[in-house]
Amino acid sequence: MMRIDVISAVPDSLLSPLNTSILKRAQDRKKVDIVVHNLRDYAYDKHKQIDDKPFGGGPGMLLKPEPFFECIEKLLSERKYDHIIFPTPGGKIFDQKTANKLSLVENILIIAGHYKGVDDRVREKFATDEISIGHFVLTGGEIVALAIIDSVVRLIPGVLNDSESALNDSLMDGEFIEAPYYTRPAEYKGITVPEVLLSGHEKKIKDWKEEQSKVLTEKWKKINSME
Ligand code: ADE
């Protein structure tokens, strides 16, 4: 079973997404073991302090190195990690290819710090992968951790049911967007579903989906300046 550990100063923020829907089911089916660690449990001074003022000045507080080192060293004494992921806007942009790769490993550790954020010795000492989920700034690594976990766990065999299969997902091979989907009613507020989908004509439907996919993929590349 794959194991994913997450270290966070705000562990409660992870609980609802991890315990809902497909991520919950994956854990219930013993396809993945997701363990959240509260950084504060590894603070050893009597005030349980986990942050402090930055050397050299500047606004805000930084997460201290010691609780991270304590927690990570304990985890490393228990198992070897294939990837120790450090979310940062300066990291490599996360994509489906990376999700596919991560879905094949055994143990992943995600260090969810706060942006500007964590004493840099933590990243320097432990991170094997610095990952960004886009060219924008979040308040912390928790949402990044959830994005990575969600995209990886759904790829583990047996997590999705056949009808949810990941095999023909958009971006599965890196480079295409799927045709749109519709359900009943066939007409709603005067807006109709594409006629061909109601035809029952398998070949025509397949051709239509391929054509739509081609158009949407071109549009996607254009609006993302990919060519
Ligand atoms: N921390 C803050 N913003 C981030 C982003 N976009 N990706 C990864 N980590 C982050």
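The preceding data block contains the structure.
Residues numbered from 1 in each chain as written. Predicted model: local features only at pLDDT ≥ 70, side-chain atom pairs only at ≥ 80, totals over all residues. Heavy atoms only, no water.

A. Just the overall build of the chain, in detail. In terms of helices and strands, the chain carries seven helices and nine strands. Seen through its principal axes, the chain has C-alpha atoms that stretch 70 × 40 × 35 Å. Expressed as a percentage of the 227 residues in the chain, the buried residues total 40%. The contacts of the chain with a sequence gap of at least 6 include a subset with a gap of at least 24, amounting to 73%. Summed over its atoms, the accessible surface of the chain is roughly 14000 Å², and 53% of this surface lies on carbon and sulfur atoms. Separation between the mean location of the 32 positive side-chain charges and that of the 36 negative ones in the chain comes to 1 Å. (Helix = DSSP H or I, 4+ residues; strand = E, 2+ residues; numbered from the N terminus. Buried < 20%, exposed > 50% of the residue type's maximum accessible area, 1.4 Å probe, protein only. Contact = heavy atoms within 4.5 Å. Areas by Shrake-Rupley, 256 points an atom, 1.4 Å probe, with all protein chains shown as cover. Lys, Arg positive; Asp, Glu negative; His and termini not counted. Charge placed at Lys NZ, Arg CZ, Asp CG, Glu CD.)

B. Representation of the sheet that holds strand β6 (residues 107-112) in the model. Taken together, five strands build an open sheet; the order of strands is β2-β1-β6-β5-β7 and the sheet is parallel. What marks the edges here is a single partner per strand, and that holds for β2 (32-38) and β7 (129-132). Strand-to-strand twist in this sheet, taken as the mean axis angle between neighbours without regard to direction, amounts to 30°. Relative to β6, strand β1 (residues 2-8) is paired through six bridges, and the arrangement is parallel. If you follow Val6 over to β6, its bridge partner there is Ile110. Running over the sheet, helix α3 (residues 65-78) touches β1, β2, β5 (83-93) and β6 and is turned about 165° from β1. (Pairing = 2+ DSSP bridges. Axes fitted to C-alpha atoms, helices over the stretch in contact; angles between N-to-C directions.)

C. Structural detail: the environment of Leu18. Tracing the backbone shows Leu18 in helix α1 (residues 12-18). Given a relative accessible area of 3%, Leu18 falls into the buried group. With 138 residues separating them in the primary sequence, Leu18 and Ile156 have C-alpha atoms 15 Å apart. Each residue touching Leu18, except ones within four places of it in the same chain, is listed here: Leu23, Lys24, Gln27, Ile34, Val36, Leu146 and Ile149.

D. A look at the site of the ligand. Near the ligand there are twelve residues, and of these Thr88, Ile133, Gly134, Phe136 and Leu138 occur at the shortest range. Within the backbone of Ile133, an N or O atom sits 3.0 Å from a nitrogen atom of the ligand. Here a nitrogen atom of the ligand and a backbone polar atom of Leu138 are 2.9 Å apart. Its free accessible area being 260 Å², the ligand has 99% of it covered by the protein chains. When contributions to the shell around the ligand are tallied by element, the ones reaching two or more residues are β5 and β7. Sorting elements by how many residues they give to the shell around the ligand places β5 first, with three residues. (Near = heavy atom within 4 Å. Polar contact = N/O pair within 3.5 Å; in protein donor to acceptor, adjacent residues only side chain to side chain.)

E. Representation of the pattern of salt bridges in the model. By the definition in use, this model includes eleven salt bridges. With its nearest N and O atoms 3.9 Å apart, the salt bridge here joins Arg3 to Asp33. Taken as a pair, Arg3 in strand β1 and Asp33 in strand β2 lie far apart in primary sequence, 30 residues in all. Judged by its relative accessible area of 31%, Asp33 falls in the partly exposed class. Between Asp119 and Arg121 there is a salt bridge, and its shortest N-O distance comes to 2.7 Å. A relative accessible area of 14% places Asp119 in the buried class. One network of salt bridges, with partners in common, ties together Arg3, Asp5 and Asp33. (Salt bridge = Lys/Arg side-chain N within 4 Å of Asp/Glu carboxyl O.)

Keep in mind that these numbers describe shape and distance, not what the molecule does.
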